[in-house]
Amino acid sequence: MSHHPWTAQVISPRPPKDVPSGDTAARPAALLRGEFAVRPGVRAARLTVTALGVYELHLNGSVVGDHVLAPGWTSYRHRHRFHSFDVTGLLRTGANAWGAHLADGWYRGRLGFNGGTRDIYGPDTGLLAELRVEYADGTAETVTTGPDWRACHGPVLSAGLYEGEHHDARREPTGWSEPGFDDRAWHPVRVLDFDTAVLFPADSPPVRRIETVRPVAVTALPGGRTLLDFGQNLVGRLRLRVRGEAGRTITLRHAEVLDPDGELCVRPLRTAVATDRYTLRGDAEAEEWEPRFTFHGFRYAEVDGWPGTVTPDDITAVVLHSDLRRAGWFSCSDPALQRLHDNVVWGMRGNFLDVPTDCPQRDERLGWTGDVQVFAPTAAFLYDVRAFLRSWLRDLAADQGEDEHGIPPVFTPDIPVIADVPLPPGNPPMAGWCDAAVIVPWVLYERYADTDVLRVQYPSMRAWVDAVEEIAGPDRIWGEGFQFGDWLDPTAPPEDPGRAVTSSSLVATAYFARSARLLARSAEVLGDLDDAVRYDTLADAVRDAFRDRFHAGGGRLTEETQTAYALALSFDLLREPAERAAAGDRLAALVAARGHRIGTGFLGTPLVCDALTATGHLDTAYRLLLERSCPSWLYQVEMGATTVWERWDSMLPDGQINPGEMTSFNHYALGAVADFLHRTVAGLAPATPGYRRLLVKPRPGGGLTWAKAAHETPYGRAEVSWRISGPSLHADLLVPPGTTAEVRLPGAEPVEAGPGRHSFHIPYPIPTAAEEQQ
């Protein structure tokens, strides 16, 4: 896999003797260093580096690059990322020094829930680096990590992704990464065996510090503690600037919400301690510190041990996530709906941290496939996620390849976990989750016209559909036994999040039909006509089996749930127009019967508004979208949410926290409705893969007076905005160069629009037939 001719060796520090005991105790980080000489006349220098663990690299006293938690998290046994940096400007003629902080990270640290698992990828951390120096005379030299390096246990006394970090500034040796430092008291490194064949050059954006957020409120608490409110649930860590006596330790605790008594609510974090500590060096000038090797999901932070009074200028929050380019925007006249969209964006930012995680705060933070499967269309509108998700899909395929039946994991990178959920042993086939292997590549094709991702992922896509075909057998129905199903159905009790009113067999069979159909379309795109016919035939057979088992006739289903109808309509599982119309009517009736409150979980939620709109029930879709009582999207907003919650009722109406063991306030899955805001409320969507042709089809409603969306397509910026003024609907459109737009405004004939700006004015509301006759 690696095209880099590695000559370096992986070096590892000596294991410390004083490692804290206990499953939840974080372990210390190490310092490593080496020296080398550089001749005059340097023309260029490039440093290539990775780690077993996470690192921060220094060269002649300067930090190399601006990456955070590098090299990130991949399926290390199959794909281990490295980065390269131009360091020409950091070299000096004569003596030079380089070194690194090295910590467990994802490689050796605790991962998973209910206590987690350590040392998943190996028992030792390590650093692999080489520096190629080219001279003006045409010669070149390479210096590498090797047995001549030395190591010590430095100022980071403990560091864990879940646990937090403890940094004792008194232990940081001054000038340790400068030439001439006396490292005789340090110990020799060990050289580890490592197969460089798994290494590959970074193929997705790194995690970086994206912005800083100042506290909006600072509140004194009993016992000399201070509570900081940053006004936004975010992901990152705190940066403090403090002056005090040597040996004083400041403790920073983090949480997303407060208890009713105004204290941090840490129960939802489970065993994630999420606590950082900084022990002061005692400088005359203020000391500045930010953890290196952890991150937290939080809105609130408690500060203890601060010398004097904390002010808003003393501590800021540093927002971390993969450095994705923003690509899409939405705004509208309803402040609550706007806040919902803002919450979706913040939730995506916090959870797209090297892998698309489910949550960023508790002892989990795994790349759950079902979450990203439903959210991928929204993600692809808001940010350029092409490289990010392609890389993640390669990990998924690599992990899937370890399963003899071709079943993808339910999260990628795949790790062993200790779970209370009664998962069957091995790698269980899970409808809606494993289907990410098919659906996410198709979304990338739709949004970026990326045929290469289909080509690369096609064996993975086909292996999953073939696996389900074998599991389902000749009757084409599957889903018996444990399934996540319509996870977190709003009727599910706190202690049983998988209990749903829609059967897992209906959900699984619907997804089987969907994935088989998308696989056929993918084969067609790739020119494999035999496979296109084979999987179209399979999709038809599964659709027929679905109708035989779950269609009661006349568009009515045997299961009267919002999710059942949303799946049947969105996945085209009903043949006749009359059946679809009747099913749409029934779905609208079910939504109305619940008071226009949501009745869907993870898998039904992204589809229900589209299913209503497609069958002529736009008003019902808007009433569902804008409902404010629990459960609903805007209930969360009314309760002060600044990200999307995991449960519809993560916080109960009385302000109490849901008693369930699994309660996150930053989960993006239910935010998949933002795709409906982009495509239907604002009216901007791709009509053909990659936006070569736009579909401009806004559907005003819900009392909104204006909405607009913009997206950076592969051809340039596209914009749609509409506003209602008097008896007219005014729509403005920007079509990128080299593209065309199909414009479908309410009650008007479709028109074509070429590149440039266009304006349209039509009567609104649409006249009824009786009004037109008058």
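As a reminder, the structure under discussion sits directly above these lines.
Residues numbered from 1 in each chain as written. Predicted model: local features only at pLDDT ≥ 70, side-chain atom pairs only at ≥ 80, totals over all residues. Heavy atoms only, no water.

A. Spatial organisation of the overall build of the protein. Counting secondary structure elements, the protein contains 15 helices and 38 strands. Relative to the 2.2 N^0.38 estimate, which gives 28 Å for 774 residues, the radius of gyration of the protein is 28 Å and therefore close to what a compact globule would have. Principal-axis analysis of the C-alpha atoms gives the protein an extent of 95 × 65 × 55 Å. The buried share of the protein, taken over its 774 residues, is 60%. A sequence separation of at least 24 residues applies to 74% of the contacts in the protein between residues at least 6 apart. Accessible area of the protein: about 27800 Å², with a carbon and sulfur share of 49%. (Helix = DSSP H or I, 4+ residues; strand = E, 2+ residues; numbered from the N terminus. Rg over C-alpha atoms; globule rule 2.2 N^0.38 Å. Buried < 20%, exposed > 50% of the residue type's maximum accessible area, 1.4 Å probe, protein only. Contact = heavy atoms within 4.5 Å. Areas by Shrake-Rupley, 256 points an atom, 1.4 Å probe, with all protein chains shown as cover.)

B. Geometry of helix α2 (residues 335–351). Taking 1.5 Å of rise per residue, 17 residues should cover 24 Å, and α2 covers 24 Å from first to last C-alpha, within 8% of that figure. For α2, a buried count of 14 out of 17 residues is recorded, marking the element as mostly surrounded by other parts of the structure. Sitting at the head of α2, Asp-334 places a side-chain oxygen 2.9 Å from the backbone nitrogen of Ala-336. (Expected span 1.5 Å × (residues − 1). Polar contact = N/O pair within 3.5 Å; in protein donor to acceptor, adjacent residues only side chain to side chain.)

C. Main features of the sheet that holds strand β26 (residues 328–332). Strand order in the open sheet made by the five strands is β26-β33-β34-β35-β38, with antiparallel pairing throughout. Strands with a single pairing partner mark the edges of an open sheet, and in this sheet they are β26 and β38 (756–763). Going across the sheet, the axis of each strand differs from the next one's by a mean of 10 degrees, ignoring polarity. Judged from the eight bridges that link them, strand β33 (residues 706–713) and strand β34 (residues 716–725) form a sheet pairing that is antiparallel. Note that in β34 the partner of His-711 across the bridge is Ala-718. Against the sheet, helix α3 (residues 369–382) contacts β26 and β33, and its axis sits at roughly 80 degrees relative to β33. (Pairing = 2+ DSSP bridges. Axes fitted to C-alpha atoms, helices over the stretch in contact; angles between N-to-C directions.)

D. Looking closely at the pairing of strand β7 (residues 94–103). Most of β7 is tucked away: eight of the ten residues are buried. In the sheet, strand β2 (residues 30–38) pairs with β7 via nine bridges, with the strands oriented antiparallel. Residue pairing for β7: Ala-37 is matched across the bridge by Ala-95.

E. A look at helix α12 (residues 618–626). Across the nine residues that make up α12, a large majority, seven, are buried. By the burial criterion, the buried members of α12 are Leu-618, Thr-620, Ala-621, Tyr-622, Leu-624, Leu-625 and Leu-626. Buried residues in α12 make contact with α2, α10 (577–593), α11 (605–614), α13 (633–638) and α14 (674–682).

F. Geometry of the sheet that holds strand β36 (residues 740–743). Taken together, the four strands give an open sheet; going across it, the order is β31-β32-β36-β37, and neighbouring strands pair in mixed fashion. Because the sheet does not close on itself, it has two edges, and the strands there are β31 (684–686) and β37 (751–753). With direction set aside, neighbouring strand axes in the sheet form an average angle of 30 degrees. Across three bridges, β31 lies against strand β32 (residues 693–696) in antiparallel orientation. Across the sheet, Leu-684 pairs through a bridge with Val-696, a residue of β32.

G. Summary view of the environment of Thr-642. With respect to the element layout, Thr-642 can be found in the loop between α13 and α14. Under the relative-accessibility criterion, Thr-642 is labelled buried at 8%. Residues Thr-642 and Arg-118, 524 residues apart in the sequence, show an inter-C-alpha distance of 33 Å. Beyond its immediate stretch of four places on either side in the chain, Thr-642 contacts Gly-231, Gln-232, Asn-233, Arg-299, Arg-339, Asn-343 and Trp-346. Separated by 2.8 Å, the side chain of Thr-642 and the backbone nitrogen of Asn-233 make a polar contact.

H. Summary view of the pattern of salt bridges. If you walk through the whole model with that rule in mind, you get 72 salt bridges. Among the salt bridges present, the one from Asp-104 reaches Arg-27, with a minimum N-O distance of 2.9 Å. Here the residue Asp-104 occupies a position in the loop between β7 and α1 (105–108), and Arg-27 occupies one in the loop between β1 (10–12) and β2, the gap between them amounting to 77 residues. In this structure Asp-104 comes out as buried when scored by relative accessible area, which is 3%. You can call Arg-27 buried: its relative accessible area is 13%. The residue Arg-447 makes a salt bridge to Asp-675 at a minimum N-O spacing of 3.1 Å. Of the two residues, Arg-447 is situated in helix α5 (residues 436–448) and Asp-675 in helix α14; the sequence distance between them amounts to 228 residues. On the basis of relative accessible area, Asp-675 is assigned to the buried category, the value being 9%. Connected via shared salt-bridge partners are Arg-517, Arg-521, Glu-524, Asp-536, Asp-540, Arg-543, Asp-544 and Arg-575. (Salt bridge = Lys/Arg side-chain N within 4 Å of Asp/Glu carboxyl O.)

I. Representation of the packing of α10 against α11. α11 packs onto α10 with a crossing angle of 125 degrees between their chain directions and a minimal axis gap of 9 Å. Accordingly, the angle class assigned to the pair α10 and α11 is oblique. Read as a crossing pair, α10 and α11 show a hand that is left-handed. Mapping the contact onto sequence places Arg-580, Leu-587, Ala-588 and Val-591 in α10 and Val-608, Ala-611, Leu-612 and Ala-614 in α11. Here the residues of the contact of α10 with α11 sort into seven nonpolar, no polar and one charged. (Parallel < 35°, antiparallel > 145°, perpendicular 65-115°, else oblique. Left-handed = near helix turned anticlockwise from the far one by under 90°. Nonpolar A, V, L, I, M, F, W, Y, C, P; charged D, E, K, R; others polar.)

J. Structural detail: unusual backbone geometry. Put simply, Cys-630 and Pro-631 share a cis peptide bond, and its omega is 0 degrees. Residue Tyr-764 is joined to Pro-765 through a cis peptide bond whose omega torsion reads 0 degrees. Considering the arrangement of structural elements, one finds Pro-765 in the loop between β38 and α15 (769–773). Despite not being glycine, Leu-488 has its phi angle at roughly 60 degrees, a positive value. Relative to the elements of secondary structure, Leu-488 occurs in the loop between α6 (451–472) and α7 (504–525). Using a relative accessible area of 5% as the deciding quantity, one classes Leu-488 as buried. In this model, Asp-572 sits at a positive phi of 60 degrees, which is unusual for a non-glycine residue. With respect to the helices, strands and loops of the structure, Asp-572 is situated in the loop between α9 (562–570) and α10.

K. Focus on the pairing of strand β3 (residues 42–52). Bridge count between β3 and strand β8 (residues 126–135): ten bridges; the pairing is antiparallel. Its bridge partner lying in β8, Ala-44 is registered against Glu-134. Relative to strand β6 (residues 80–86), β3 is paired through four bridges, and the arrangement is antiparallel. Residue Arg-46 lies in a different strand from β6, and its bridge partner there is Asp-86.

L. Quick peek at the packing of aromatic side chains. Under the criterion given, the structure shown has 26 aromatic pairs. For the ring pair Trp-368 and Phe-411, a centre distance of 4.8 Å and an interplane angle of 80 degrees mean the geometry is edge-to-face. Taken together, the residues Trp-368 in the loop between β28 (355–356) and α3 and Phe-411 in the loop between α4 (386–400) and α5 connect sequence positions 43 residues apart. Residues Trp-645 and Phe-665 carry aromatic rings whose centres are separated by 5.5 Å and whose planes lie at 80 degrees to one another, so their mutual orientation is edge-to-face. Taken as a pair, Trp-645 in the loop between α13 and α14 and Phe-665 in the loop between α13 and α14 lie far apart in primary sequence, 20 residues in all. Residues Trp-645 and Phe-665 agree in their burial class; the two are buried. Each residue in the set Trp-368, Phe-411, Trp-433, Phe-482, Phe-484 and Trp-487 is aromatic and connected to the rest through ring pairs, giving one cluster. The ring of Tyr-135 carries Arg-39 above its face, with NZ or CZ at 3.9 Å from the centroid. Positioned over the ring face of Trp-346 is Arg-349, at 4.3 Å from the centre of the ring. (Phe/Tyr/Trp six-rings, centres within 6.5 Å; stacked < 30°, edge-to-face > 60°. Lys NZ or Arg CZ within 6 Å of the ring centre and 35° of its normal.)

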